[in-house]
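These are the residues of each chain, in order.
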Amino acid sequence: RRVLEYQAKMRSLMDAARSVRDIQTSVGESITFTLDRVIAAERKRFAESMHACPEVTRLMRELVLNDERLHTKMRLEYQEHIANVKKNKPSQINSRIWKKQCDRKMRR
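Everything numeric in this text was worked out from a predicted model, so none of it was measured.

Looking only at helices and strands, the chain has four helices and zero strands in total. Each helix and strand of the chain, ordered N terminal to C terminal, gives the series α-α-α-α. Evaluated residue by residue, the chain yields a buried proportion of 19% over its 108 residues. Restricting the contact set of the chain to residue pairs at least 6 apart, pairs at least 24 apart contribute 60%. For the chain, the computed accessible surface area is about 8700 Å², with 55% contributed by carbon and sulfur atoms.

Structure representation (structure tokens):
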């Protein structure tokens, strides 16, 4: 349970940091710096709590990396789909079907 909570928290923080990096102002830089510090602190805190069992740490790292790969792949596929729609090319699937397919992938 703790691993899943950590994974969800880190994904949210990393998504926020990724979104804020595009802001080219001093406020954006400040928020980016703060988010980077929070991410580093959370990683350190979680690593210390899980340090007692290296096997759990290894398995957790594999799960997180696999989940990140899945989300990155899905995000890239969605961005490609949106780019095709914006270019006024006929899309192979409409957005509603696309969302259903993504939901099914997440359930697996």
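One pass over the structure, following the stated rule, counts five salt bridges. For Arg-11, the salt bridge is made with Asp-67, and the minimal N-O distance between the two is 2.0 Å. Placement of Arg-11 in helix α1 (residues 2-20) and of Asp-67 in helix α3 (residues 54-86) is noted, with a sequence separation of 56 residues between them. Between Glu-42 and Arg-45 there is a salt bridge, with the nearest N and O atoms lying 2.8 Å from each other.

Now for the packing of α1 against helix α2 (residues 26-50). A pair of packed helices is characterised by two quantities: the angle between their axes and the separation of those axes. Orientation of α1 relative to α2, taken along the N-to-C sense of each, is 160°, at an axis distance of 9 Å. Considered as vectors, α1 and α2 are oriented roughly antiparallel to each other. With respect to the hand of their crossing, α1 and α2 are arranged in left-handed fashion. When its residues are assigned to classes, the contact of α1 with α2 shows 14 nonpolar, three polar and six charged.

How each quantity is defined
Residues numbered from 1 in each chain as written. Predicted model: local features only at pLDDT ≥ 70, side-chain atom pairs only at ≥ 80, totals over all residues. Heavy atoms only, no water. Helix = DSSP H or I, 4+ residues; strand = E, 2+ residues; numbered from the N terminus. Buried < 20%, exposed > 50% of the residue type's maximum accessible area, 1.4 Å probe, protein only. Contact = heavy atoms within 4.5 Å. Areas by Shrake-Rupley, 256 points an atom, 1.4 Å probe, with all protein chains shown as cover. Salt bridge = Lys/Arg side-chain N within 4 Å of Asp/Glu carboxyl O. Axes fitted to C-alpha atoms, helices over the stretch in contact; angles between N-to-C directions. Parallel < 35°, antiparallel > 145°, perpendicular 65-115°, else oblique. Left-handed = near helix turned anticlockwise from the far one by under 90°. Nonpolar A, V, L, I, M, F, W, Y, C, P; charged D, E, K, R; others polar.

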